[in-house]
Amino acid sequence: MAYKYFPQTDEDISRMLKAVGMESLDDLYADVPESVRFRGEYELPSSMSEIEVRQYFERLGRMNKQLTVFAGAGSYDHYTPAVIPSIVSRSEFLTSYTPYQAEISQGTLHYIFEFQSMMAELTGMAVSNASMYDGSTATAEAAIMAMAATKKTDRVLVSSTIDSKVLKVVRTYARFHGFDVELIDSDNGITDKNDMETKLAKGGVAGVIVQQPNYYGVVEDYSGFADSCHKAKSLFVVNGIAADLALLKTPGEWGADIAVGDGQSLGIPMNFGGPSVGYMCCTEKLIRKMPGRIVGKTLDSHGQRCFVLTLQAREQHIRRQKATSNICSNESLMALFVTIYMSLMGKEGMKEAAMLSYKGAHYLCDRLTATAHFALAYDRPFFNEFCVRYDGNVDRLQQHLLDNGIFGGIKVSDDVLMFAVTEKRTKEEIDTLVKLITEEASR
């Protein structure tokens, strides 16, 4: 064959060219300018045997530097039960296809239903969809959802204490959906409620988005926020770290209309940056405005329990202008991952993991502030993440920790570091971190 990477034979190509009235493949692409056509040889590596391919990737993998992680800011080094990869790989679950045909998709539909049930319970909300791509896009979709659910609105208010990465995604969505994003001022590390109410009073606000715990790790008190939003006919949206909800007050208890966030903390490995999964839950009143899909439970013609796509308000299924989303691929593989995690851990296991993270973070904070080189940047309640002000060179400190195999926090500003602790971090690891920090600070 002239083209070894084409599946068609020469005879196949001749028949296809004849059908369209062409003599050659060059005739077929004659309209493509010569300046953009590639005439050289592809830089393809020579072929390898299976064992050579395995060895090649093993060598690449060894180049990754494994660190002890004391950093968070949206991605956390939580424990992953070893059985999860095996269950995820079962044939009734593992698929890249959307479960349109219920009769051959019961495994996929079943776990999505369980994911929805668990996330609704975890957030204290009535309804959950079948997962989102990640926490940032879920938050942006919540802003669009708020715009669709309210009348005569053109703005969304976002707390200044939200993760800047999330804010950037919300602003990108807003630009192309025709609404404005306005920041609510912060006051010593928390959302300024008075500023929020002042901005709400101006009218035209579809929703208010806050984060719990916020970007700085602070556990904010959102008492009265929902009442202020509802009085102004706006929706209250809470972005939360999923694992922390095992112990913290849920978005439902805060009176949220929409709860969104990232589910990476539910046992998904950090994987050098991904993949992750988002969640979105809401009140029953907003179910028709929710993007994506909802799986429901019913009975088949034999009276047996089965699962179906109950709601799929996508542009493929209804009039495009009425669609709530164009999320097309089945992004629920990672939803399966966290569903298995929550099933294995159970309520008490998730609470224990959250409590260990909380205690570890507070132990580290106490050790750091006792060195006299650190002080809490915000003297407020925190969960498993906190910001401290350092009296030395932050960049040099972080490099010293990296040289010793530790990812030592996130640099928030020139003199502020943000540390995170999960249930994986031992007392010995924390003590080693503090020892290394003390060595550097004493130079």
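## Comments concerning empty space enclosed by the protein
Scanning the entire structure with this criterion turns up three cavities of 30 Å³ or more. Roughly 80 Å³ of volume is contained in the largest cavity. In this structure, the largest cavity is lined by 13 residues; those nearest its centre are His78, Ala243, Met350, Ala353 and Ala354. When grouped by side-chain class, the residues that make up the lining of the largest cavity number seven nonpolar, four polar and two charged.

## Description of the sheet that holds strand 8 (residues 235-240)
A sheet is described by the order of its strands in space; here seven strands give the open sequence 2-10-9-8-7-3-4, paired in mixed fashion. The open sheet is flanked by strand 2 (127-128) and strand 4 (180-184), the only strands paired with a single partner. Strand direction decides the pairing type here: strand 3 (residues 155-159) and strand 7 (residues 205-212), joined by four bridges, are parallel. Looking at strand 7, one finds that Leu157 is bridged to Val208. This element, helix 5 (residues 106-123), spans strand 2, strand 9 (258-262) and strand 10 (278-282) of the sheet and lies at about 70 degrees to strand 10. Lying on the sheet, helix 6 (residues 135-149) is in contact with strand 3, strand 7, strand 8, strand 9 and strand 10; it crosses strand 9 at an angle near 160 degrees.

## Re the pattern of salt bridges
What the rule picks out here adds up to 17 salt bridges. Of the charged contacts in the structure, one is a salt bridge between Lys351 and Glu348, with a shortest N-O distance of 3.9 Å. With Lys351 and Glu348 both in helix 10 (residues 333-370) and three residues apart, this pair spans about one turn of that helix. The class of Glu348 is exposed, set by a relative accessible area of 57%. Salt-bridge contacts for Glu429 lead to Arg425; the nearest nitrogen and oxygen are separated by 2.9 Å. The exposure class assigned to Glu429 is partly exposed, which follows from its relative accessible area of 24%. Given the relative accessible area of 11%, Arg425 is considered buried. Several salt bridges share partner residues, and in doing so they unite Asp77, Lys424, Arg425 and Glu429 into one network.

## A few points about helix 6
Side chains three or four residues apart in an α-helix point the same way, a direct result of the helix having 3.6 residues per turn. In this model helix 6 runs 21 Å from its N-terminal to its C-terminal C-alpha over 15 residues, within 8% of the 21 Å that 1.5 Å per residue would give. Regarding helix 6, its N-cap is Asp134, as a side-chain oxygen of that residue lies 3.2 Å from the backbone nitrogen of Ser136 further along.

What counts, and where the lines are drawn
- Residues numbered from 1 in each chain as written.
- Predicted model: local features only at pLDDT ≥ 70, side-chain atom pairs only at ≥ 80, totals over all residues.
- Heavy atoms only, no water.
- 1 Å grid on protein atoms, 1.4 Å probe; cavity = no way out; pocket = protein on both sides within 12 Å on 5 of 7 lines; lining within 4 Å.
- Points joined across faces, edges and corners; volume = space filled by probe spheres on them.
- Nonpolar A, V, L, I, M, F, W, Y, C, P; charged D, E, K, R; others polar.
- Pairing = 2+ DSSP bridges.
- Helix = DSSP H or I, 4+ residues; strand = E, 2+ residues; numbered from the N terminus.
- Contact = heavy atoms within 4.5 Å.
- Axes fitted to C-alpha atoms, helices over the stretch in contact; angles between N-to-C directions.
- Salt bridge = Lys/Arg side-chain N within 4 Å of Asp/Glu carboxyl O.
- Buried < 20%, exposed > 50% of the residue type's maximum accessible area, 1.4 Å probe, protein only.
- Expected span 1.5 Å × (residues − 1).
- Polar contact = N/O pair within 3.5 Å; in protein donor to acceptor, adjacent residues only side chain to side chain.

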